[in-house]
Amino acid sequence: MSATVEFAKMNGLGNKILVVDMRGRADKVTPAAAIALNAADDTQFDQIMAIHDPKAAGTDAWIDILNSDGSKAQACGNGTRCVVQALASETGKKVFTFQTVAGILNAVEHEDGTISVDMGKPVFEWDKIPLAEEFHDTSRIELQIGPIDNPVLHSPSVASMGNPHAIFWIDRDPMSFDLGRFGPLLENHPMFPERANITLAQVTSPSSITTRTWERGAGLTLACGSAACATAVSAVRTGRTGREVAVKVASSPNQGILNIEWREGDGHVIMTGPAEWEWSGTLDPSTGAWSRDAAPGAEAR
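Residues numbered from 1 in each chain as written. Predicted model: local features only at pLDDT ≥ 70, side-chain atom pairs only at ≥ 80, totals over all residues. Heavy atoms only, no water.

Draft legend 1. Representation of the pairing of strand β19 (residues 276-283) within the structure. Strand direction decides the pairing type here: strand β1 (residues 5-12) and β19, joined by 7 bridges, are antiparallel. Each bridged residue has a counterpart across the sheet, and for Val5 the counterpart in β19 is Leu283. By the bridge criterion, 3 bridges tie β19 to strand β20 (residues 290-292) in an arrangement that is antiparallel. What sits directly across from Leu283, in β20, is Trp290. (Pairing = 2+ DSSP bridges. Helix = DSSP H or I, 4+ residues; strand = E, 2+ residues; numbered from the N terminus.)

Here you go:
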């Protein structure tokens with residue numbers, strides 16, 4: 001077995017993704033390798049999407065997802081779009097079915113290059129999100145940060161899209177909040193036994209929302225697809241929007257849009273957006289040592 005595997009540096013609306021080809025191998029990308037890769041400026045990432053041979057009949061691949069701190073992630077919508085683009089380019093296929101620890105994901109690449117991912121059904125039960133306390137209505141829970149009589153953030157909606165999310169509704173630009181300071185406190189709040197993704201959401205119309213996310217295990221991120229999905233369904237639950245919304249990600253370099261539909265028929269959440277290839281290389285999945293393919297001036301690290 002070769003010590004190295006191929007990988008691609010990609011992004012989904014700015015969400016930094018490494019797509020690593022682990023097919024035909026029994027080993028995995030180790031947490032130590034993930035931490036080492038994230039420590040290098042060129043390979044810094046939000047999630048690693050490691051493509052493994054399928055485990056279930058009828059699926060195209062098993063996807064193992066790692067955060068930049070080496071921890072496991074259950075879901076990554078922006079990363080899934082990157083996987084689709086990489087495999088579509090390689091195989092010519094347009095329709096894919098993936099298996100993750102969060103379940104089955106179906107995806108399709110459209111003629112215009114955008115990619116839709118069926119993120120499945122959201123979960124609202126307090127003990128399945130999970131929360132540390134019982135709440136009958138998780139569209140609004142008791143949680144705040146800041147002075148008790150004038151909190152900076154309060155009363156989030158909570159949901160799981162394969163991973164736990166808390167959405168705080170705000171009335172001004174999400175970039176005007178110091179999420180870098182509040183994010184780690186809320187991610188690790190005792191209310192969230194498995195930690196949580198923290199999103200600030202400003203509803204700008206009945207069909208549009210602007211967001212910014214502190215991502216569990218990754219920190220401040222340029223974009224988070226599952227957070228956009230959790231925000232969209234929570235907006236519907238609280239009567240803020242309709243079932244189809246355009247989510248503008250405030251921290252995305254191009255202020256990009258994710259189109260989210262919470263289908264009424266089957267309750268599935270469909271996320272549509274772009275993916276972008278940046279460059280390719282090889283890496284050691286055990287140590288994280290890497291090299292860049294045929295790029296002038298690139299050196300092995």
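Still more ground to cover, so stick around.
Draft legend 2. The pattern of salt bridges, seen in detail. All told, the structure shown has 12 salt bridges when counted by the stated rule. For Lys93, the salt bridge is made with Asp60, and the minimal N-O distance between the two is 2.6 Å. Of this pair, Lys93 sits in the loop between α2 (77-91) and β6 (95-100) while Asp60 sits in the loop between β3 (47-52) and β4 (61-67), and the two are 33 residues apart along the sequence. Where Asp64 meets Lys72, a salt bridge forms, and the shortest distance between an N and an O atom there is 2.7 Å. Asp64 sits in the buried class, given a relative accessible area of 5%. Shared partners join several salt bridges into a network, and the residues in it are Asp21, Arg23 and Glu90. (Salt bridge = Lys/Arg side-chain N within 4 Å of Asp/Glu carboxyl O. Buried < 20%, exposed > 50% of the residue type's maximum accessible area, 1.4 Å probe, protein only.)

Draft legend 3. Region of the structure containing empty space enclosed by the protein. A complete count under the given rule lists 1 cavity of 30 Å³ or more for this structure. What lines the largest cavity is Gln47, Asn67, Ala73, Ala75, Asn163, Asn197, Glu215 and Arg216. Here the lining of the largest cavity is composed, by residue class, of 2 nonpolar, 4 polar and 2 charged. Each of domain 1 (5-118 + 276-292) and domain 2 (126-267) contributes no fewer than three residues to the lining of the largest cavity. (1 Å grid on protein atoms, 1.4 Å probe; cavity = no way out; pocket = protein on both sides within 12 Å on 5 of 7 lines; lining within 4 Å. Points joined across faces, edges and corners; volume = space filled by probe spheres on them. Nonpolar A, V, L, I, M, F, W, Y, C, P; charged D, E, K, R; others polar. Domains from an automatic or database assignment.)

Draft legend 4. Local environment of the pairing of strand β8 (residues 115-118). The two faces of β8 match: Ile115 and Val117 on one face and Ser116 and Asp118 on the other face are all buried. As paired elements, strand β7 (residues 103-109) and β8 share 4 bridges and run antiparallel to each other. What sits directly across from Asn106, in β8, is Asp118. Where β8 meets strand β18 (residues 269-273), 4 bridges bridge the pair, whose relative direction is antiparallel. Within the sheet, the bridge partner assigned to Val117 lies in β18 and is Met271.

Draft legend 5. Spatial organisation of the packing of aromatic side chains. Counted according to the given criterion, the structure contains 4 aromatic pairs. On the basis of an interplanar angle of 75 degrees and a centroid distance of 5.6 Å, the ring pair of Phe7 and Trp279 is categorised as edge-to-face. Here Phe7, found in strand β1, pairs with Trp279, found in strand β19; they are 272 residues apart in sequence, far enough to count as distant. One exposure class covers both Phe7 and Trp279, and it is buried. With a centroid separation of 5.8 Å and an interplanar angle of 10 degrees, the aromatic rings of Phe96 and Phe98 are classed as stacked. By relative accessible area, which is 3% here, Phe96 ends up buried. By the ring-pair criterion, three or more aromatic residues cluster together here, those being Phe7, Trp279 and Trp290. Directly above the ring of Phe177 sits Arg172, whose terminal nitrogen or CZ lies 4.0 Å from the centroid. Here the guanidinium or amino end of Arg237 rests over the ring plane of Phe124, the centre of that ring lying 3.8 Å away. (Phe/Tyr/Trp six-rings, centres within 6.5 Å; stacked < 30°, edge-to-face > 60°. Lys NZ or Arg CZ within 6 Å of the ring centre and 35° of its normal.)

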